[in-house]
Amino acid sequence: MSDRAVLHVRGRVLVGPEDVRDELWVVGGRVTYDRPVRVGDVRTVEGWALPGLVDAHCHVGLDQHGAVEREVAEKQALTDRDAGTLLIRDAGSPSDTRWADDREDLPKIIRAGRHIARTRRYIRNYAWEIEPGDLVAYVAREARRGDGWVKLVGDWIDRDLGDLSACWPREAVEAAIAEAHRLGARVTAHCFAEDSLRDLVEAGIDCVEHATGLTGDTIPLFAERGVAIVPTLVNIATFPRLAAGGEAKFPRWSAHMRRLHERRYDTVRDAYDAGIPVYVGTDAGGSLPHGLAAAEVAELVTAGIPPLRALAATTWAAREWLGRPGLEEGAPADLVVYERDPRADVRVLAAPRRVVLNGRVVG
């Protein structure tokens, strides 16, 4: 059987939260709901089908020490693929992963270029480390390198202060975000703490990663401006370990990290209840393994987001936000098939029955 033979997906196809169809066909690597006139070599897959999962905060080509070799990056991407993640927003990487675009067996990647951080205010070997006067120029550079996104480091530990603090003055981020928008790119920022959020949102930022510092003062501002968050709760789970490791040298920072961790579920639920768009991201590729999108969906449900909305945050809504198709007519056939209805129990996402990428069954 050819790897581009007609594929018949039969059972329940979740085109949207309420748009459920009985079958779809894959012809020439693309989705159709019209039975082909001539059906020769056909492979049938049965179950509950979803658009390929989205990990909106992932790092292919990166580990805890910095850029990795191509072979390691390939294994990272394959791990995500086999777990059902077929669309990745790479939220900052020093690696050039453009080679992956020529691989039809690897997830599609939307790149945000390399992180842009303040000098000595981020993880070593990850970011361009610069001062505020150079921020606009570096944002312009990464806007041209990326796929419509730029990633700032909005806050990090200030060793003199002994705690998290904002990295950029207000006027610098205003000018930088305006330049990114002029070049057609959206801007997101790593933010753990509270004090960088208002400046970033009022400067026009499009998204905030982690967003553990959201409070009753800034949640309405995010909601009013439509600024999305990607909470990465599977990463926030590491805060107690990080706090314990830094307590002797930075006790103020450690206590702050514990407080952010303790209120993490309340923060996400309050953001969702206020109408802030919430999307699934894992922060895989630093210290975390790949393939955790299902675990992050389950964490969003634990936080109090309704299961159907948590599912949308890694499927229909996430793809629309990133400007990529789902399972509409003529779209690339990127889908995952499960044994049971994931709307009823999101835990089924952890066990895909079949993974189809560009019309090929790859897992």
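Preceding this section is the structure that the text describes.
The following paragraphs examine the structure supplied in this document. (Residues numbered from 1 in each chain as written. Predicted model: local features only at pLDDT ≥ 70, side-chain atom pairs only at ≥ 80, totals over all residues. Heavy atoms only, no water.)

Overview of the sheet that holds strand β5 (residues 53-58)
The sheet built from 3 strands is open, its strands ordered β5-β8-β9 with parallel pairing. Since the sheet does not close on itself, it has two edges, and those belong to β5 and β9 (108-111), each with one partner. With direction set aside, neighbouring strand axes in the sheet form an average angle of 20°. Pairing geometry for strand β8 (residues 85-90) and β9, over 4 bridges, is parallel. Note that in β9 the partner of I88 across the bridge is I109. (Pairing = 2+ DSSP bridges. Helix = DSSP H or I, 4+ residues; strand = E, 2+ residues; numbered from the N terminus. Axes fitted to C-alpha atoms, helices over the stretch in contact; angles between N-to-C directions.)

A closer look at the pairing of strand β14 (residues 163-166)
The pairing of strand β13 (residues 155-158) with β14 spans 4 bridges and is antiparallel. Bridged to W156 within β14 is S165. Between β13 and β14, which pair antiparallel in sequence order, lie 4 residues; one of them, G162, sits at a positive phi of approximately 80°.

Focus: a positive patch on the surface
Residues R120, R124, R159 and K249 make up a contiguous surface patch of positive charge. In this structure, K249 sits in the loop between α7 (239-246) and α8 (251-262). (Patch = residues over 30% accessible without salt bridge, like charges linked within 9 Å, V, L, I, M, F, W, Y side chains within 5 Å. Areas by Shrake-Rupley, 256 points an atom, 1.4 Å probe, with all protein chains shown as cover. Salt bridge = Lys/Arg side-chain N within 4 Å of Asp/Glu carboxyl O. Lys, Arg positive; Asp, Glu negative; His and termini not counted. Charge placed at Lys NZ, Arg CZ, Asp CG, Glu CD.)

What to know about the packing of aromatic side chains
Aromatic rings in a pair are described by how distant their centres are and how their planes are angled relative to each other. The final tally for this structure, using the stated rule, is 7 aromatic pairs. Of the aromatic side chains, those joined through ring pairs into one cluster are Y122, Y126, W156, F192 and F239. A cation sits over an aromatic face here: R21 above Y33, 4.3 Å from the ring centre. Across from the ring centre of W128, 4.5 Å away, lies the NZ or CZ of R114, which sits over that ring. (Phe/Tyr/Trp six-rings, centres within 6.5 Å; stacked < 30°, edge-to-face > 60°. Lys NZ or Arg CZ within 6 Å of the ring centre and 35° of its normal.)

Description of the sheet that holds strand β18 (residues 335-338)
Read across the sheet, 7 strands follow the order β3-β2-β1-β4-β18-β19-β20 without closing on themselves; strand pairing throughout is mixed. Here the strands that pair on one side only, and so sit at the sheet edges, are β3 (30-32) and β20 (360-361). Looking at chain direction, strand β2 (residues 20-27) and β3 are connected through 3 bridges and run antiparallel. Residue pairing for β3: V27 is matched across the bridge by R30.

Things to note about the environment of V60
Along the chain, V60 turns up in the loop between β5 and β6 (62-63). In this structure, the C-alpha to C-alpha distance between V60 and D96, residues 36 residues apart in sequence, is 9.5 Å.

What to know about the state of the cysteines
What the rule picks out here adds up to 0 disulfides. Of all cysteine sulfurs in the structure, the one in C191 sits closest to C207, which takes part in no disulfide; the separation is 9.7 Å. The class of C207 is buried, set by a relative accessible area of 0%. (Disulfide = S-S within 2.5 Å. Buried < 20%, exposed > 50% of the residue type's maximum accessible area, 1.4 Å probe, protein only.)

With respect to the layout of surface pockets
Roughly 750 Å³ of volume is contained in the largest pocket. The wall of the largest pocket is formed by 28 residues, among which Y122, I123, Y126, W156 and L242 lie closest to the centre. Of all the secondary-structure elements, those providing two or more residues to the lining of the largest pocket are β13, α7 and α8. When the residues that make up the lining of the largest pocket are grouped by side-chain class, the tally is 11 nonpolar, 10 polar and 7 charged. Approximately 210 Å³ is the volume attributed to the second largest pocket. Taken together, Y272, G275, I276, P277, V278, Y279, L300, I305, R309, A312, A313 and A317 make up the lining of the second largest pocket. By residue class, the composition of the lining of the second largest pocket is 10 nonpolar, 1 polar and 1 charged. (1 Å grid on protein atoms, 1.4 Å probe; cavity = no way out; pocket = protein on both sides within 12 Å on 5 of 7 lines; lining within 4 Å. Points joined across faces, edges and corners; volume = space filled by probe spheres on them. Nonpolar A, V, L, I, M, F, W, Y, C, P; charged D, E, K, R; others polar.)

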